[in-house]
Amino acid sequence: MARLTWHGHSCFELVTDDDTRILFDPWLDENPKADIKADDIERLDYILVSHGHFDHFADAIPLAKRTGATLVSSFEIVAFAQSKGVEKGHGMSIGGGYRFPFGYAKMTPALHGPNVAGDEEGTFSAMPGGWWLDLEGGKRLYHAGDTALIMDMQLLEGRVDVALLPIGDNFTMGPEDAARAVEFIRPRTVIPMHYDTFEVIEQDPLEFKRLVGDTAEVVVLEPGGAFEF
Ligand code: NI
Ligand code: MN
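Residues numbered from 1 in each chain as written. Chains lettered and ligands numbered in written order. Predicted model: local features only at pLDDT ≥ 70, side-chain atom pairs only at ≥ 80, totals over all residues. Heavy atoms only, no water.

Peer 1: In this structure, what is going on with the pattern of salt bridges? I would like to understand it.
Peer 2: Two side chains that carry opposite charge are able to pair once their charged atoms sit near each other. Enumeration according to the criterion identifies ten salt bridges in this entry. Residue D19 pairs with R43 through a salt bridge whose shortest N-O separation is 2.8 Å. On the criterion of sequence distance, the pair formed by D19 in the loop between β2 (12-15) and β3 (21-24) and R43 in the loop between β3 and β4 (46-48) is long-range, its members being 24 residues apart. The class for R43 is partly exposed, based on a relative accessible area of 36%. (Salt bridge = Lys/Arg side-chain N within 4 Å of Asp/Glu carboxyl O. Helix = DSSP H or I, 4+ residues; strand = E, 2+ residues; numbered from the N terminus. Buried < 20%, exposed > 50% of the residue type's maximum accessible area, 1.4 Å probe, protein only.)

Next comes the structure, spelled out in structure tokens:
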């Protein structure tokens, strides 16, 4: 079984069938809703970063340095991290995928903002994205990152087992648009993320569940909660 643990906001830890440890969008130390701190993570193989905003990227550089994990993100974000001393990086661009030992990872489009936290000069402005993973064993996961509802999501129809979708509104899709995204994608299971961390993104995930109805199974996690698939 693959195991997905939610650490609050958009940070998920994925342990694959072959025990590869992948962390999405690490923001732990400064996130009041996170169940762990970055130092609680002992072993990591990959860190996948959807975009450069602090609430997705803040702990990525120190974690990559301490654990030796490979940082996978847009080319510009990886270049920025390497300029700050990260040794193992793998830069990609929207629409491109790469076969890693754990499976195939493709960067999906996201409609959102480009700045990179910590980049004072603004040199590393990067296209935000999301992730579509086709894991060894045939399990397919979509982490949408931060995004508006976009028609491109229709291209994922029938290709996703578990979808991680933002529902917070204000900075990303809200519950209604996220429910439309579920109609586009038709995943088996959807887990809401990127809500309740700040006042402007407070949402009731059960209302999202109601909007999705029978279209998909909605799994609402608490920070620290896990889902196996
Ligand atoms: Ni963002
Ligand atoms: Mn965000």
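Peer 1: What should I look at first to understand the sheet that holds strand β14 (residues 226-228) in this one?
Peer 2: Sheet strands pair by backbone hydrogen bonding; their relative direction is either parallel or antiparallel. Strand order across the open sheet formed by seven strands is β6-β5-β4-β3-β2-β1-β14, with mixed pairing between neighbours. The sheet is open, and its two borders are formed by β6 (89-92) and β14, each paired with just one other strand. Taken over all neighbouring pairs, the strand axes of this sheet differ in orientation by 20 degrees on average, direction set aside. One ladder, built from three bridges, connects β4 with strand β5 (residues 70-74); its direction is parallel. Looking at β5, one finds that I47 is bridged to L71. This element, helix α3 (residues 75-83), spans β5 and β6 of the sheet and lies at about 135 degrees to β5. (Pairing = 2+ DSSP bridges. Axes fitted to C-alpha atoms, helices over the stretch in contact; angles between N-to-C directions. Contact = heavy atoms within 4.5 Å.)

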